[in-house]
Amino acid sequence: MKSIYQLTDTSNIKIPIIQFIKKTSLVCAFLSVGSLWAMAESDAIETKNDKTAGKSLAVEQQKQKRITGKVTDSKGEALPFVNVVIKGSTIGTATDLSGNYEIAVNGDVTLIFSQIGLKDYEINTSGKEKINVILIEDNVQLNEVVVVGYNEVERKHVASSIVSVDVDKMKSRPIFKLEEGFSGTIPGATLMQGSNLPGSVPGTISIRGLSTLQNAAPLVIVDGMEQSLTDIDPNQIKSINVLKDAASASMYGSRGANGVIIIETERGSTGEFKVDIHTWMAIQKPIDLPNFVNSADYMRLNNEAKTYQGQTLLYTQDDIAKAERGESANTDWLDAVMQRTAHSYNTSANISGGGGVGTFNLMLGYVQENGLNDLEGTQKFSARFNTNINIADRFVLLADFYAHRLQVDRLQANNDGHGLYQIAWRMNPTQDIYYDSDLPDHFMLHNNMNPVASIEKGGAWKALHDRSTINLRPKYMINENLHIAGNVSYMIDKSANKYKRATFKFFDGDGKPVDIWANSVGAEQGVSVSQITARGLINYEKDLRGEKDKIYLVLGSEVMNYTYTDFREIAKASFFSKLNYSFDNRYLLETTLRTDGSSKFAPGNQWGFFPSASLGWNVHNEKFMSALKKKGIIDNMKIRASYGLIGNENVDPYLWQEIVNTWGWTMRVPNPDFSWEKQNQLNLGVDLTTLKNRLDITFDVYKKHSYDLIYSDFPVPPLTGSYYLTSSLNIGEVDNKGWELSANWSDKIGDFSYSVKGMLFDNKNEVLKAGYSNSDTLIFKSNTDKIWYKGIPVDNYYGYRSNGFFKDQADVAATNAKLPNTLPGDIKYVDQNGDGVINDQDKVFLGDPFPHYNYSINVDLKYKRWDFSVLGQGVGKRTGRLNGQEGYPVLMDGSSNSLGAPRQEYMDNRWTPENQNSRFPRVWTGSSTNAVLSDVWLSDASFFRIKTIQVGYTIPRIGNHIRNIRIYMNAQDAITFTKWEGLEPERNGGNGNYPRMASFSLGFKATIL
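Residues numbered from 1 in each chain as written. Predicted model: local features only at pLDDT ≥ 70, side-chain atom pairs only at ≥ 80, totals over all residues. Heavy atoms only, no water.

> Describe the overall build of the protein, naming the residues involved and giving the relevant values.
Each helix and strand in the protein was counted, giving 14 helices and 55 strands. For 1009 residues, the compact-globule estimate of 2.2 N^0.38 gives 30 Å, and the protein sits close to it at 33 Å. On the principal axes, the C-alpha backbone points of the protein span a range of 110 × 70 × 70 Å. Residue burial in the protein is summarised as follows: out of 1009 residues, 53% are buried. Taking all contacts inside the protein whose residues are at least 6 apart in sequence as the whole, residues at least 24 apart take part in 69%. Carbon and sulfur atoms form 55% of the exposed surface of the protein, whose accessible area is close to 43,700 Å². (Helix = DSSP H or I, 4+ residues; strand = E, 2+ residues; numbered from the N terminus. Rg over C-alpha atoms; globule rule 2.2 N^0.38 Å. Buried < 20%, exposed > 50% of the residue type's maximum accessible area, 1.4 Å probe, protein only. Contact = heavy atoms within 4.5 Å. Areas by Shrake-Rupley, 256 points an atom, 1.4 Å probe, with all protein chains shown as cover.)

> Could you give an account of the pairing of strand E17 (residues 237–243), with specific residues and numbers?
Counting buried residues along E17, six of its seven residues qualify, which places the element largely inside the surrounding structure. Sheet topology note: the strand E12 (residues 162–164)/E17 ladder contains three bridges and is antiparallel. Across the sheet, the residue bridging to Ile162 is Leu243, located in E17. Direction of pairing for E17 relative to strand E18 (residues 260–265): antiparallel, over a ladder of six bridges. Each residue of the ladder has a partner; that of Asn241, found in E18, is Ile262. (Pairing = 2+ DSSP bridges.)

> Give me the lowdown on helix H10 (residues 419–426), citing residues and values where you can.
The buried count for H10 comes to six of eight residues, which makes it a mostly enclosed element. The set of residues buried in H10 consists of Gly419, Leu420, Tyr421, Ile423, Ala424 and Trp425. Those residues of H10 hidden inside the fold are in contact with helix H9 (333–337), strand E23 (395–411) and helix H11 (451–457).

> Any chance you could break down the packing of aromatic side chains for me, citing the residues and the numbers?
Tallying each qualifying case throughout the model produces 33 aromatic pairs. A centroid spacing of 6.3 Å and a plane angle of 75 degrees characterise the contact between Tyr298 and Tyr315, whose relative ring orientation is edge-to-face. In this pair, Tyr298 sits in helix H7 (residues 295–308) while Tyr315 sits in the loop between H7 and helix H8 (317–324), placing the two residues 17 residues apart along the sequence. According to the relative accessible area criterion, Tyr298 is buried, its value standing at 7%. Site record: aromatic cluster; members linked through ring pairs are Tyr434, Phe443, Phe504, Phe506 and Trp517. The side chain of Arg384 reaches across the aromatic face of Tyr402, ending 4.1 Å from its centre. Between the NZ or CZ atom of Arg568 and the centre of the ring of Tyr564, over which it lies, the distance is 4.1 Å. (Phe/Tyr/Trp six-rings, centres within 6.5 Å; stacked < 30°, edge-to-face > 60°. Lys NZ or Arg CZ within 6 Å of the ring centre and 35° of its normal.)

Worth remembering: the numbers are spatial, not functional.
Shown next, in the form of C-alpha cells:
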C-alpha cells in the first residue's frame, strides 16, 4: 500500500511522499541520457503545457482550474492509490481509498492515470472539470491490439493472416536464443535444430516453406529496426507478431517474401517503479552421441573389409584376443573430449518506472554457456534502455538505446566449434591418447591428429561480436485521430578475434621428436557494418458513424543505407501506404501499396511495386447470428481472404556487375536485366471462437507462387579463358501450397484452470520451372545430389534406386549395369533407362527433405499457486539422409576413406555372405561404389519430442515490496520418440557435430516494487 502522507509543492498540488521520491529518482535517471531529457524536464516544469508557452504568468493563473473525478476498475469497484499526473510534468496526485482525486491544472492539459497491472489511460481536460475513469487490465488490451508494421490495429479489424506469440509462456522457459521459442508454437513456422553449439544460431526459421535459392530467413523487425533474432533476450520482449501472408507482409515489400516477425520490447509505465528479475541455471546432457564399436569389433570389421577388397589384413587373431581381454587400447574418444558436464547461467533484470515527464525501462541481461570442455563456451552481455519522453502535451519522443556483446571461446585449430568432434569421430578405439611413458603430456599423434591434445595444447581462440543501436521515434499528435511520426535509427556491428598457442613438441614412443605445434599468436578484425534508417509516417485512426465504422490509414517513406568496412555499400528507398477499414464491425478491408528501390540491382530494374488486398467478414456480428451468440455457441467468427505481391532481395550487392581478376579474365558476366525475386500469395482463413469463449480455432489455406528467382552463381561457358565463369540471373518458378490448423481449449473449475492447445500444418513444395522454359533442367555443380526440374521439390534427394545387394562374384559378373569396381555386398543400382550402364541418366527423384505434417500439443495446468506445463512437438513425415559417418562405416574424405569406426548399428545390420537380407551394404575402407546417394541411405526421420516439461510454484507476495515470486523446474528436449536410424532426426547425418543437448534447469522470477 502506498503512503498517504503528502507533501505540498509550490503549485499547491499534493503529491504522495513516495511518489515524490520516485519522480525525483526518475528525473536523475533521465538526466543521464543527455541534454534532450533535461530539456524535456525543464520545459515540462517551466511551461506546464505547450499550449500556454510564452504567455504571461498572470494569464496562466487565470486559466487555472480544478479537475475532480473517480477511478474504478472494469467491475465498477473503486481503485485507491492510482497515480494521476499531468503529462509533460512532475506534477500529480493519487486517488484516495474511495478512488476519488482532485488536481489543479493550468489551461488544457493531458492527464495520465496509471496503476501496476492496469492499462495507462490518457485524457485531455479541455472543456472538462469532472473526469471519471475506468482502468482495464493491461493483458486484455494487449490481446485486442496487433502490431502490424507501422501502426497498431484492433484484432477484430484485421483481415490478414497474423499470429501472435504467447510471450509470457516464452519468457517462462529457459531459452538461450530466441529462435528456440518458435518450435511448436507458430502454425506454419518450422525450425530444424541440429546442435546446441554455444555461440551458434540454432537454425533458420522457415515460414510457409522454402521458395528461394538465397537466404530464406524471415525479416525480423525490433521496435521498427531490422535486427537479428539471436541477439534478442526473451525477457526484454513485450509482444511478437508473425506476418505470414502477402496482405500483412507486403507492408515490407521487397523484404517480406519469407515472412515477417515483428517484435516490440518492454517499456516503462507511468507511476510505476519496479524491478523484474529472472534467473536460471541449467545443466545439459548430450542426446545424440554415436555408439561406436569397441576395439575388438573394429579389428574384425577392418579385417573383414580388407578380405572383401583382396588386401592384406591389418590385425591378427592375437591382436583381437588381446583387445577382448582388455590388454590393448579401447579408447572412447568422444568421452575423452567431453571433459565436463555442460552448464549455463542466465540472469536478467528489468528496471522500469515513469511519471508525467515520461517513462523508462532499463533491461540488463547476462547469459553464460559453458561447453563440454574448458575452452568451449560463450558469454553474452546485453543492455537495453527504452524511454518515452513527453516533451510537450502533444509531442512524445521514444528514445531507445541497445548494446550487445557476445564473447565466443573455442579451440584455435577448430574454431567452428564442430571440428573437435569431427576429429574425435575420425579416430578409432585401437588408438591410444597417450604413450605409456614417464614424459609429461606424451600424446600420440594419429595422422597428425589427437583431439585431446588439441584441447590441452592446441591453443585458444576468442571472438567478440558487438552490436549497438540508437533508435529515435518522435511522434506529434495533431489531434486525437491524426499524428505524424518519424524514425531515425543507427546500428553498428563489429567483430574481432584473437588466438594464441604456445609451442609444443610431440615425441614418439622412443622419446624422439616427431612434430612441433609452433607458437602462434594473432588477431584480426572482422568486416564491420553500419546501418542507418530514416522513416517518416502519417497515421490516421478514427471511429466513424457512431463507432460503427473505423478507419486506419498509414502513409510513409523510408530510406536505408548499409556501409561495410570492405567498401561495400547498399542503399534502399521506399514509399508505402496501408488502409484498414471496418464497416459496421462486419466487413473488413485492407489494402497496401508499396514501392521499393534497391542499389543491389541493375539500373532500370532497381524499383519494384508490391500491392496487396484482403477482405474479412465478422460473421458473428450479423443479425442472423444473434441467437447463436446469446447461447454462447458462436462467440466470434471471421472469414478472411487475401492476395498480394511481395519480393525477396536478400542477396549480396553488385551481383549484376562484371568481375575481372588480376590477370584481366572475366570471372562474372554482367547482367543488366538482373532484378527482384517476386512472389504472389493467396490466403483463405477462418477464425472461430465458440462454446462461451472456451474454444478457439483457426484454419488457413494458402498458395505461394515465386518467380524470377535469383541464382547468383549460374555457370556459363568459359569464353574468355577463365576456368570458372558465372553470372547472376532471374530464373525458375516455385510453388508452395499448404494449410494450417490450430485449436485452443481453456476452462476453469474452481481453483483449477487448464488449457490445451494443438496445431497441425503442412506444406508442399514444387518446382514449376527450373530455367526459362518448362522443360529446362537446372544442375547444381556445387552439389551433384541436387537438381531442379518441373514437378520436383526444391533441395530434393536425387540419386539411384536400389535393388538389393550383389550376392556373390557370380552375381556381379552377370550384371552389366553396375558401377566400376563393384564387389559382392555392394548396392545393386537400378538401370532406369535400360542402356546397360549406371550413370547420371539413371538418377531419379528419391525424396523430399522437408518436414511434413508438423504438429504440436501444449497443455497448461494451474491449481492455486502451482502450475504445470508440457509442450510436445513433432513431424509426422520426413525423409532424412544417413550421410557421413552416421551412415557409412568410415569417413569418405575423398582420399584415404579409412578414418573412423563404424557405429554399432551399422555392424549389427551390415551385409555378410551369411546375412544377405541386410539393412546396409558390406563394410568397406577406401573408395566404394556404395558412397553415393541412393535410397539405401534414406530413412524415416519423423519424430515426436517433448520440448518442455515445467512445474512451478508462485508466491503472490512477501512483505510490501516483493511480489509474484515464482520458482520453477524445467526439462527441455529430454525425451524423443523416433524411428530415425541416425542420431538426431532434425539433422541429416554428418561426420561429427557438437551434440544436441537436453537441458535441465532451475529458475526464479520475482518483481520488486
